[in-house]
Amino acid sequence: ASADEWRSRAIYQLVTDRFATSNGSSPPCDTSQRVYCGGTWQGVISKLDYIQNMGFDAVWISPVVANVEGNTGEGEAFHGYWTRDINSLNEHFGSTDDLNALASALHTRGMFLMLDVVVNHMAATSNPPDYSSFSPFNTQADFHLECFIDDYNNQTDVEQCWLGDTTVPLADLNTENDDIVNTMYTWIKGLVGNYSADGVRIDTVKHIRKDFWPQFAQNAGVFTIGEVLDGNTSYVGPYTQVLDSVLDYPTFYPLTSAFVSPTGNLSSLVELVQQAQSTYKDGEFMTGSFLENHDNPRFQSMTQDQALVKNAMTWPFIQDGVPILYYGQEQGYTGGADPANREALWLSGYVEDKPLVNHVKTLNAVRKSAIASNGSFLTTPLKFLATTSSTLAVSKPPLLALLSNGGNASSPSWSVPNAGYAANEPLVDVVSCASVTADSNGGVSASSQGGVPMVLMPASALNKSGSVCSNL
Ligand code: ABC
Ligand code: CA
């Protein structure tokens, strides 16, 4: 599917090994052991109702190709990022038939499959690597000379030195060599075709020269979203010229610090978003917006104030880009840094009647009804109206999101004089399902209890969709 076809989607990110088992069993899974816990592609198929019921229509699964086997000294390759052979699948997760079955199960539901691909390196279990263990790049000449990246300000080092360490060296492919480049272009075309992928998340994009990417994307032939792990829009921006989009790392950092405590700085978030809107190729429209992922401590490892959590979780669904939810966030998981943030979801019992699961349902539903009721919703940049040190009003017509970081003991109020609604227009806060009425100038004055966010929509726009606050 094209970038345009992904614009309106909402992505659920999961680690295959940790999401669901084939037979529904719940084996123990101690994240600190860093070993395979038993999740499979058949497991994912069996839990698609759970994902779809929350309103997601795309699933990003962890890398699928064959990885190094056994315990490396840094655990097993359960996460999938330690490629050994780009042309075989990781048998821990199932067979070719199973992966194809997942793609068709998703497609039957009208959902998209996003594959996660690693092009930058192959993983070794000794130093120097046993190059003959890799496939198809099995000689030392296929790789850059070994040097571990130690200066992230030196872009040549970032591109041509190695990630990993002496225990699991991530041997850096010589992507300056045409044969290797062409092999990778052919490979991505085959992978996307063989498994009917609708999009690809590309790992370690900043570690390969920029001009490698346009033809890679062209061969993929579907939506591409790159991981450029950096907090600066000036660094990340140029990558939006060579791929369809990037994961919104620059917003992730101020988003987290804005809502992690009542002393968080909301204006840094505002500034960053405005920078991104003006720096990226398509503004922030195509970026993947997230609050958690598999490489960072979960939000609830830093605060468990549910008002702060609900405010922070609201952001990806009310901003310009494509929302991404990392599995387990909806179940209130609290894992800290890798590997603790990769908990088994089966240990939650997949309970659906829970406050955060319902919050996610509401957020997906309100975004879809905003898309349905305003043909330009997805191409209208959000605007910040009425920012104070503890409140934000984010306008993206017909939505008005009222956020705050006072926490669960606060009673925030917002006064938004020119919210853009019709005079006295009836509105609904979809978080509480309470009614709010715009003033005679179309402005909004509102307040909430317990620090929870408000997400306002015109009642008339909600009526069309039915699924949000449908008892009104
Ligand atoms: C293993 C162990 C961990 C241990 C770690 C050192 O080694 O499991 O317990 O802590 C995979 C596995 C990991 C594994 C690694 C290494 O391989 O999932 O569990 O960690 O063997 C991608 C994937 C990631 C994956 C790989 C490797 C790459 O999402 O899951 O990891 O295929 C760099 C890369 C980035 C990569 C990330 C892990 O490392 O650029 O692509 N992610 C700075 C650098 C970044 C760097 C980051 C983290 O540190 O600039 O390039 O990311 O090391 C901002 C700044 C940023 C700064 C951040 C931290 O702060 O602006 O520049 O990032 O403010
Ligand atoms: Ca590289």
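All values derive from a computational prediction rather than experimental measurement. (Residues numbered from 1 in each chain as written. Chains lettered and ligands numbered in written order. Predicted model: local features only at pLDDT ≥ 70, side-chain atom pairs only at ≥ 80, totals over all residues.)

(A) Spatial organisation of the overall build of the protein chain. Broken down by element type, the protein chain carries 14 helices and 22 strands. Here the protein chain has a C-alpha radius of gyration of 22 Å; the compact-globule value for 472 residues is 23 Å, and the two agree. (Helix = DSSP H or I, 4+ residues; strand = E, 2+ residues; numbered from the N terminus. Rg over C-alpha atoms; globule rule 2.2 N^0.38 Å.)

(B) Main features of the UniProt feature "binding site: Ca(2+) 2" (unreviewed entry) in the protein chain. As annotated in UniProt, the feature "binding site: Ca(2+) 2" (unreviewed entry) corresponds to Asp203 and Glu227 in the numbering used here. Taken along the chain, the residues just named run across 25 residues; in space they keep tight, none of their C-alpha pairs more than 5.4 Å apart. Turning to its location among the elements, Asp203 is positioned in the loop between strand S9 (199-202) and helix H8 (213-220). Contact partners of Asp203, with chain neighbours within four places excluded, come to Tyr81, Asp116, Val117, Val118, Asn120 and Glu227. Its location among the elements puts Glu227 in the loop between strand S10 (223-226) and helix H9 (233-236). With residues up to four places along the chain from it excluded, the contact list for Glu227 reads Arg201, Ile202, Asp203, Thr204, Val205 and Leu247. (UniProt positions renumbered as here; feature names shortened; annotations may be inferred. Contact = placed C-beta atoms within 7 Å.)

(C) A look at the pairing of strand S22 (residues 454-458). With respect to burial, S22 is a largely interior element, five of its five residues being buried. Residues of S22 alternate between two faces, with Met454, Leu456 and Pro458 on one and Val455 and Met457 on the opposite face, all of them buried. Where strand S17 (residues 399-404) and S22 come together, three bridges link them in antiparallel fashion. Of the residues in S22, the one forming a bridge with Leu402 is Met454. Of the strand pairs in this sheet, strand S19 (residues 426-429) and S22 are connected by three bridges, and their pairing is antiparallel. When the sheet's bridge partners are listed, Leu427 is paired in S22 with Pro458. (Buried ≥ 20, exposed ≤ 12 C-beta atoms within 10 Å, placed from the backbone. Pairing = 2+ DSSP bridges.)

(D) The arrangement of the pairing of strand S21 (residues 444-447) in detail. Only one face of S21 is covered, namely the one carrying Val444 and Ala446; the face carrying Ser445 and Ser447 has none of its residues buried. Where strand S18 (residues 413-416) and S21 come together, four bridges link them in antiparallel fashion. Bridge pairing in S21 links Ser415 to Ser445.

(E) Examining the site of ligand 1 more closely. Close to ligand 1 lie 21 residues; His79, Tyr81, Thr204, Leu229 and Gly231 are nearest. Looking at the shell around ligand 1 residue by residue, the class counts come to eight nonpolar, six polar and seven charged. (Near = placed C-beta within 6 Å. Nonpolar A, V, L, I, M, F, W, Y, C, P; charged D, E, K, R; others polar.)

(F) Structural context of the sheet that holds strand S1 (residues 11-14). With respect to topology, eight strands assemble into an open sheet ordered S11-S10-S9-S5-S2-S1-S14-S13, the strand pairing being parallel. Both edges of this open sheet fall to strand S11 (245-246) and strand S13 (288-290), since each of them pairs with a single strand only. The pairing of S13 with strand S14 (residues 322-326) spans three bridges and is classified as parallel. What sits directly across from Ser289, in S14, is Pro323.

(G) Seen up close, the nonpolar core. If you look at the biggest cluster of nonpolar residues, it comprises 142 residues, and the most contacted ones within it are Val59, Met114, Leu456 and Met457. With eight residues, helix H12 (residues 306-318) is the single largest residue contributor to this core. Setting aside its immediate chain neighbours within four residues, Met114 contacts Ile11, Ala58, Val59, Trp60, Ala197, Asp198, Gly199, Val200 and Arg201. (Core = buried A, V, L, I, M, F, W, Y, C linked by C-beta atoms within 7 Å.)

(H) Looking closely at the sheet that holds strand S15 (residues 383-385). Strand order in this open sheet of six strands is S15-S16-S17-S22-S19-S20, and the pairing throughout is antiparallel. Of all strands in the sheet, those bounded by a partner on one side alone are S15 and strand S20 (434-437). Within the sheet, the average angular offset between the axes of one strand and its neighbour, ignoring direction, is 30°. Pairing of S15 with strand S16 (residues 391-396), which is carried by three bridges, proceeds in the antiparallel orientation. From the neighbouring strand, Phe384 faces S16, where its bridge partner is Val394. Against the sheet, helix H13 (residues 355-373) touches S17 and S22, its axis set at about 30° to S22. (Axes fitted to C-alpha atoms, helices over the stretch in contact; angles between N-to-C directions.)

(I) Quick peek at the UniProt feature "binding site: substrate" (unreviewed entry) in the protein chain. Within this structure's numbering, the places UniProt gives as "binding site: substrate" (unreviewed entry) are Trp82, His121, Arg201, Gly231, Asp295 and Arg342. Look at the named residues: they lie 261 residues apart in sequence, and the longest C-alpha span between them is 24.7 Å, so in the fold they stay spread out. Along the chain, Trp82 turns up in the loop between strand S3 (65-67) and strand S4 (83-89). Judged by C-beta crowding, with 27 C-beta atoms within 10 Å, Trp82 ranks as buried. Non-local contacts of Trp82, meaning those with residues more than four positions away in its chain, are made with Asn67, Val68, Ala77, Ala123 and Val168. Structurally, Gly231 is set in the loop between S10 and H9. Exposure remark for Gly231: the 13 C-beta atoms within 10 Å place this residue in the partly exposed category. Residues within four places of Gly231 in sequence aside, it is in contact with Tyr249, Pro250 and Tyr253.

(J) Examining unusual backbone geometry more closely. In this chain, Asp338 is followed by Pro339 through a cis amide linkage whose omega measures 15°. Turning to its location among the elements, Pro339 is positioned in the loop between S14 and H13. Geometrically, the link from Pro397 to Pro398 is a cis peptide bond, its omega value of 5° lying close to zero. In this structure, Pro398 sits in the loop between S16 and S17. One non-glycine residue, Thr204, lies in the positive phi region at around 45°. Residue placement: Thr204 occurs in the loop between S9 and H8.

(K) Quick look at the environment of Val436. Among the secondary structure elements, Val436 is positioned in strand S20. Through-space distance from the C-alpha of Val436 to that of Leu382 is 21 Å; in sequence the pair is 54 residues apart. Beyond its immediate sequence surroundings of up to four residues, Val436 is in contact with Leu427, Asp429, Val444, Ala446 and Leu456.

(L) Highlighting H12. Under the 1.5 Å per step criterion, the end-to-end length of H12 is 19 Å for 13 residues, consistent within 8% with the ideal 18 Å. Most of H12 sits inside the fold, with 12 of its 13 residues counted as buried. (Expected span 1.5 Å × (residues − 1).)

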